[in-house]
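Listed below are the residues making up each chain.
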Amino acid sequence: MIPAKQALARLRDGNRRFVESHQGPPARPSTSQQPFAIVLGCSDARVPAELVFGQGFGDLFVIRVAGNIVAPSQVGSVEFAAELFGIRLAVVLGHTQCGAVTATLQALRGPRGAESPNLRSIVERIRPSVEPLVRAGGHDDAALIAAAVRANVRASVEQLRHGSVLLERRIESDGLLIVGAEYCLETGAVDFFETIPIE
């Protein structure tokens, strides 16, 4: 575990190197943005959307939250980007071995005690999508986690598609497409699934 002051020093040093490496055109980061896609992804440090998709400054409007859950602030962020930039693609990006999904599965198997109300709120948002898998049984742990990750992504996609009048209108009239995807930590590949909404 890195002490806080050492971590802060690493960030400062990293930013200094970043600024030095981007002096002058054409490598300097842009001060404007014209993102072509919205990515609602997990906060997991191993899944930085810009790197995963090979994009640069200003290319993606990225929203990150543990478990790629959809709460009002995430819906509002997607609405903001769709309205302001006219973006026509939103991707909900889950990933293998998701800690938030795993924590939810553990909570369904039995209470763990002293978790904070804020952490519990993340678990409660994931719970409805994975609870049926636990009740159905028949999965080993690895298969259950894999199925739960995808179920959670699908639930977030459906919440975005049907949880906002503004986004529903953009889907119907402007061709906004909201898709689910899963990043594989082992291979680096992204698998897009449920890309076409059922009419």
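All values reported here derive from a predicted model rather than from experimental measurement.

Lay out the side chain of Glu 182 in plain terms, naming residues and giving numbers.
Along the chain, Glu 182 falls in strand β4 (residues 177-183). Relative accessible area serves as the criterion here: at 10%, Glu 182 is assigned to the buried category. Among the polar contacts made by the side chain of Glu 182, one reaches the side chain of Arg 150 at a distance of 3.0 Å.

Residues and numbers for the packing of helix α4 (residues 99-109) against helix α5 (residues 117-136), please.
With their axes 9 Å apart at the nearest point, α4 and α5 run at an angle of 70° to one another. The angle between α4 and α5 falls in the class roughly perpendicular. Along this stretch, α4 crosses α5, giving a crossing that reads as right-handed. Across from Ala 100, Val 101, Thr 104, Leu 105, Ala 107 and Leu 108 in α4, the residues of α5 making contact are Ile 122, Val 123, Ile 126, Arg 127, Val 130, Glu 131 and Val 134. Class assignment of the residues belonging to the contact of α4 with α5 gives a composition of 10 nonpolar, one polar and two charged.

An account of the nonpolar core is requested, with residue identities and associated values reported.
In globular proteins that are soluble, nonpolar side chains generally tend to be buried together. In terms of nonpolar packing, the biggest core is built from 35 residues, with Ile 38, Leu 40, Phe 61, Val 101, Ile 126, Leu 160 and Leu 167 touching the most fellow members. Among the secondary structure elements, those contributing two or more residues to this core are β1 (37-41), β2 (60-64), α3 (72-85), β3 (89-95), α4, α5, α6 (141-162) and α7 (165-174). Counting 11 residues, the second-largest nonpolar core is a separate cluster that includes Val 39, Val 47, Ala 49 and Leu 93.

How each quantity is defined
- Residues numbered from 1 in each chain as written.
- Predicted model: local features only at pLDDT ≥ 70, side-chain atom pairs only at ≥ 80, totals over all residues.
- Heavy atoms only, no water.
- Helix = DSSP H or I, 4+ residues; strand = E, 2+ residues; numbered from the N terminus.
- Buried < 20%, exposed > 50% of the residue type's maximum accessible area, 1.4 Å probe, protein only.
- Polar contact = N/O pair within 3.5 Å; in protein donor to acceptor, adjacent residues only side chain to side chain.
- Axes fitted to C-alpha atoms, helices over the stretch in contact; angles between N-to-C directions.
- Parallel < 35°, antiparallel > 145°, perpendicular 65-115°, else oblique.
- Left-handed = near helix turned anticlockwise from the far one by under 90°.
- Contact = heavy atoms within 4.5 Å.
- Nonpolar A, V, L, I, M, F, W, Y, C, P; charged D, E, K, R; others polar.
- Core = buried A, V, L, I, M, F, W, Y, C linked by side-chain atoms within 4.5 Å.

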